[in-house]
Amino acid sequence: MKTLIIAEKPDMGRTIAAVMEPRAKNNRTYLEGEKYIVTWAIGHLLGLAEPDAYDEKYKRWNIKDLPIIPEQFKIVPNPKTKDQLKMIGELAKRCNAIVNACDAGREGQYIFALIQQQLKLHQPVKRLWISDLTAESIATGFERLRDASEFEFLTQAARARSEADWLIGMNASRAFTTRHNTLLSVGRVQTPVLALIHDREKEIEAFQSQTFYDVWAEFKQEQIKYKGAWQGDRLTKPEEAEAIAAAVRGKTGEITKYDTKQTKEYPFKLYDLTLLQREANAKYGYSAKKTLDVAQALYERHKVISYPRTNSNYVTEQNIDGMHKALRMLGTGPYADLVQQANPNLVHKQNKSVCNPSRVEDHHAILPTLKRPGTLSKEEQNVYDLVIRRFLSHFFPPAEYKMHTVMTQVDKHLFKTNIKELLSLGWKVVLSKADQDKGKKSKSPKKEDEEETDEWTDKKFEIDAGRPVDCVRAEMKEKATQPPKSYTEGTLLKAMESAGKQMENEELREVMKDAGLGTPATRAATIERLKKVGYIEMKGKKILITEKGKMAIDLIRHAGVDLLASPEMTGQWERRLHQISKGEAAQEKFMDNVKRFTLSIIDKVRQQPPAPANAFGEEARGKRAAGKEGARNARASGGTAAKGVGRATSGRGGSATLEQTAAPASRAAGTAGSAARSSSDGASGFSVSQRQALGSCPRSNCGGSIIEGRKGYGCSHYKKGCGFVVWKEYAGKQITGTMLKSLLTKGQTQLLSFKRKDGSTVKARIVLNEPGTGQLSVREES
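Residues numbered from 1 in each chain as written. Predicted model: local features only at pLDDT ≥ 70, side-chain atom pairs only at ≥ 80, totals over all residues. Heavy atoms only, no water.

**A closer look at the packing of aromatic side chains**
- Taken as a whole, this structure holds 12 aromatic pairs when the rule is applied.
- Both rings, one in Tyr54 and one in Trp166, keep their centres 6.1 Å apart while their planes meet at 70°; by these two values the pair is edge-to-face. Here the residue Tyr54 occupies a position in the loop between β5 (46–48) and β6 (75–77), and Trp166 occupies one in helix α5 (residues 152–180), the gap between them amounting to 112 residues.
- Pairing Phe219 with Phe415 gives two aromatic rings, centres 5.6 Å apart and planes at 70°, and the pair type is edge-to-face. Taken together, the positions of Phe219 in strand β10 (residues 211–221) and Phe415 in strand β14 (residues 413–424) put the pair 196 residues apart, joining distant regions of the chain.
- Overall, the relative accessible area of 0% leaves Phe219 in the buried class. (Phe/Tyr/Trp six-rings, centres within 6.5 Å; stacked < 30°, edge-to-face > 60°. Helix = DSSP H or I, 4+ residues; strand = E, 2+ residues; numbered from the N terminus. Buried < 20%, exposed > 50% of the residue type's maximum accessible area, 1.4 Å probe, protein only.)

**Describing the nonpolar core**
- Within the largest apolar cluster, 89 residues are counted, with the highest numbers of intra-cluster contacts made by Leu4, Ile115, Phe176, Leu492, Leu564, Phe590 and Ile601.
- In terms of residue count, the dominant contributor to this core is α5 (11 residues).
- Each residue touching Ile115, except ones within four places of it in the same chain, is listed here: Ala41, Leu45, Leu46, Leu85, Ile88 and Leu121.
- Counting 63 residues, the second largest nonpolar core, distinct from the first, contains Ala7, Ile138, Leu276 and Trp456. (Core = buried A, V, L, I, M, F, W, Y, C linked by side-chain atoms within 4.5 Å. Contact = heavy atoms within 4.5 Å.)

**Here we look at the environment of Glu21**
- In this structure, Glu21 sits in the loop between α1 (10–20) and β2 (25–26).
- When the C-alpha atoms of Glu21 and Lys35 are compared, they prove to be 7.6 Å apart, with 14 residues separating the residues in sequence.
- Among residues more than four places away in sequence, those in contact with Glu21 are Ile16, Gly33, Glu34, Lys35 and Tyr36.
- A polar atom in the side chain of Glu21 sits 3.3 Å from the backbone nitrogen of Glu34. (Polar contact = N/O pair within 3.5 Å; in protein donor to acceptor, adjacent residues only side chain to side chain.)

**Let's talk about the environment of Gln692**
- Within the element layout of this structure, Gln692 appears in the loop between α22 (672–681) and β21 (695–696).
- When the C-alpha positions of Gln692 and Ile707 are compared, they lie 6.4 Å apart, and in sequence the two are 15 residues distant.
- For Gln692, the residues in contact, after removing those within four places along its chain, are Ile706 and Ile707.

This is how it looks when you write it as structure tokens:
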């Protein structure tokens, strides 16, 4: 009898067949040769069943029916690919051995395990474990097939991850949805990622820009000119800055200190998937999903790069020879000039910045294969070019610089200069001309209060520290502190990767250092899911959170299940899953803990006051699908009226993804009291007494508290007739919580910049004119 090879996807199966059975007959869904039959899974052929597979009552969502905790999880075929699953079963009957050739990782292991379970395959199984699809790697992999039993613990970890995600996603999503009458998606990874975005946007909203002043001077000694930044405490008054500039302008100064030192800049790390996605987003604006799809095509279809879904930036000793061969392959073609300048001796087993086996788990860093690319699309060429240039950079020496630090004193005022003089471009020759030019113009990243120059020059910088210099120019520059930046997909990927760095728990922080939120393979899907369920939206490259997204995080946190929105839970899970995969922890114990956490979520959500219908934004209201009848039924039963409206993803990512249902339209806050009413009717589903007090009402003898509403800050005693309200937008400025507190306690804000109609700028404060009503005015400062 023959051996059945099951690959994860058709392209992989055909590539394996071309090596192992080059004369195999092509039967569309499989290839058959003398020794092997090769077929494929087309990704996830099976998934965990929906709740109604356990009981018909779960078709209608009702909080009274929760929790849903199956004694044994059922798996069901994907209707779109059930024919392929049936074909695998028929082929298996003709074979007495099986090779699992799915992706070499946790999810590839799980895909095969579900097929084996569903079809009741009892043949002995061997595991193909390779990192690229070149003929050489495939042939070597088949010579070194491993026994499937070696991967039993990895299978257990994959199964535990999927079933645990199902329990949290299904139960938490149904609990929050039925309690708040709007379909809300909750998941172990997607919810803390949404919380990252939510918290960043809150930081931006609360940020108060402060104006300050820098003084810059230009100095000359013979033909050399350089700039220096004034050293001292931050200047907040323009007249002080102008006085310093006037005091040094045209004067002679002396160099009080001059230091130089040689520095080297080594090549950046080889790409893992997340780093590749970040750079493709920054350089080309590609989404994380776009980059993953393109990289997967370069791996599967074109076979020109190694396995892209890797979390490693290093290689093992076994990869060094292949890297040298790939370098020689690139010696003809568009990269020939760079290869001729490359030094192969720089990439060797002792070079720990490249070869570090302890940092490689399932797969090494993304590398070019020995196959030359044929015709690539523009996107494929761009991503391939990133991989090649990063690969080539390690065959070049470090870039070398001479750092000059100059302290110049004029009339008791001290100025500091940093000059970065390029001595040797080194590995940076592999960068495109545009990237080299961009690098020369860019400044080193500095904190906003760091008043130093940091110039790049490829000309020789020479200055005599013993001779005087002339201050040929001096000027004051007005600056303003900048708020944190909204996430882009690139910066969000970085935040997901390092989400645990701020954790107080040292052990979890260490686990999250390598794990992060999600895996390289699932992070793109998580971002796409947040878009799909209406939690985030794109504005150019910026990721912005929607009203629905804000509300989802507020509800989760106010329910007392903050862990759902924290990287800490993922840290705990990843630590335990890693232990399970190594045989150091029990799958059953992990699942018992997940079940207990599921029960606690439902208990706490049941006690939560329902959110008002107008709390989720216009977009959420516009997408209600159930209609008036469905809304009535949903309210009556605590569930959704539409059959099958909630469907959970049991594949990579594992949270429940839900469409939206009906709710009434919101009322706009049109009176003074409506600012306070919106804090109980439209902000977060909590009564006035439960809202956080931002300060005492300044109205005489009122005794109320100021609380935040949707459009303004109003008094909690509005029902008793208090009309105090400060609207969130005034004179073109957003009144933040910090500004409000300043108004309530000091009667005015800090100094702000306003633009006049003629385009000029004026410094002024917003002042609380009428403590009884909240009326504001703008007062200019001379």
